[in-house]
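Structural characterization, general
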Amino acid sequence: ELKVEQNPLFLSMQEGKNYTIYCNYSTTSDRLYWYRQDPGKSLESLFVLLSNGAVKQEGRLMASLDTKARLSTLHITAAVHDLSATYFCAVDNNDMRFGAGTRLTVKP
Amino acid sequence: ETGVTQTPRHLVMGMTNKKSLKCEQHLGHNAMYWYKQSAKKPLELMFVYNFKEQTENNSVPSRFSPECPNSSHLFLHLHTLQPEDSALYLCASSRDRTREAFFGQGTRLTVV
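Rules and cut-offs
- Residues numbered from 1 in each chain as written.
- Chains lettered and ligands numbered in written order.
- Predicted model: local features only at pLDDT ≥ 70, side-chain atom pairs only at ≥ 80, totals over all residues.
- Heavy atoms only, no water.
- Contact = heavy atoms within 4.5 Å.
- Buried area = accessible area lost by both parts, 1.4 Å probe.
- Salt bridge = Lys/Arg side-chain N within 4 Å of Asp/Glu carboxyl O.
- Polar contact = N/O pair within 3.5 Å; in protein donor to acceptor, adjacent residues only side chain to side chain.
- Helix = DSSP H or I, 4+ residues; strand = E, 2+ residues; numbered from the N terminus.
- Nonpolar A, V, L, I, M, F, W, Y, C, P; charged D, E, K, R; others polar.
- Pairing = 2+ DSSP bridges.
- 1 Å grid on protein atoms, 1.4 Å probe; cavity = no way out; pocket = protein on both sides within 12 Å on 5 of 7 lines; lining within 4 Å.
- Points joined across faces, edges and corners; volume = space filled by probe spheres on them.

**Here's the deal with the interface of chain A and chain B**
Each partner contributes to the interface: chain A provides 18 residues, whereas chain B provides 17 residues. Taking both sides of the interface into account, the surface hidden between chain A and chain B amounts to around 1400 Å²; carbon and sulfur atoms contribute 50%. Taken together, the links from chain A to chain B amount to zero salt bridges. Where chain A meets chain B, there are four residue pairs in polar contact (both at pLDDT 80 or more). Elements supplying a minimum of two residues to the side of chain A that touches chain B: β4 (32–37), β5 (43–49) and β10 (97–98) of chain A. When the residues that make up the side of chain A that touches chain B are grouped by side-chain class, the tally is nine nonpolar, five polar and four charged.

**Focus: the pairing of strand β3 (residues 18–25) of chain B**
Residue and element names in this part refer to chain B. Where strand β1 (residues 4–7) and β3 come together, four bridges link them in antiparallel fashion. Bridged to Q6 within β3 is C23. As paired elements, β3 and strand β8 (residues 73–79) share seven bridges and run antiparallel to each other. Bridge pairing in β8 links C23 to L74.

**Brief notes about the layout of surface pockets**
Of the volumes computed, that of the largest pocket is approximately 750 Å³. Lining the largest pocket are 29 residues, and of these A:Q37, A:T86, A:F88, A:R103 and B:Q37 lie nearest its centre. Where the lining of the largest pocket is concerned, the elements lending two or more residues are β9 (85–91) and β11 (102–107) of chain A. Class assignment of the residues belonging to the lining of the largest pocket gives a composition of eleven nonpolar, eleven polar and seven charged. B:K36, B:K41, B:E44, B:S59 and B:P61 are, among the 15 residues lining the second largest pocket, the residues nearest its centre.

Printed below as a string of structure tokens:
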């Protein structure tokens, strides 16, 4: 059974700082997604990573995928308050599984 | 606005009631999904429809019954639910099973 583990589950950081969220998964897959969810809102697609070594960047967020290590990272550069949200990774190997989410709070 | 619309946004129902959740997308997507999001569990995939055919049912109790009459609409029929079924129910669609999903705003369900 596919298991997806995110860490940390809670992250409080100051504006301007950098940090990385990790997503590990247990079985082979070459399709990994990152989503953002604001409180009371739905999930918004951030990145789709479809191959080993894939790296995508949007603003202050950069996601990467290492299929051999079964690891994806979401790196936050110079955080700003607007990035406060819950971030989910999801892995699809014909059985979509989401991580538990990382609740990020960016403080002034 | 993702192009996936769910109604109602909020629903309170008794354990003996029957209700239905509706999801609609006009994105031309071929796959549609129901997810359950509870406070203390990761997002759980419930049902998958691909080209109107149900392809996955992840051990969901029979009190939840999906229906996909066409590629644009997906329903979740609810009957004799339990309080532990209270959750946010999210619908999503994707072009196909290999593409990212676009989520609706969800229906916040409370079973009393």
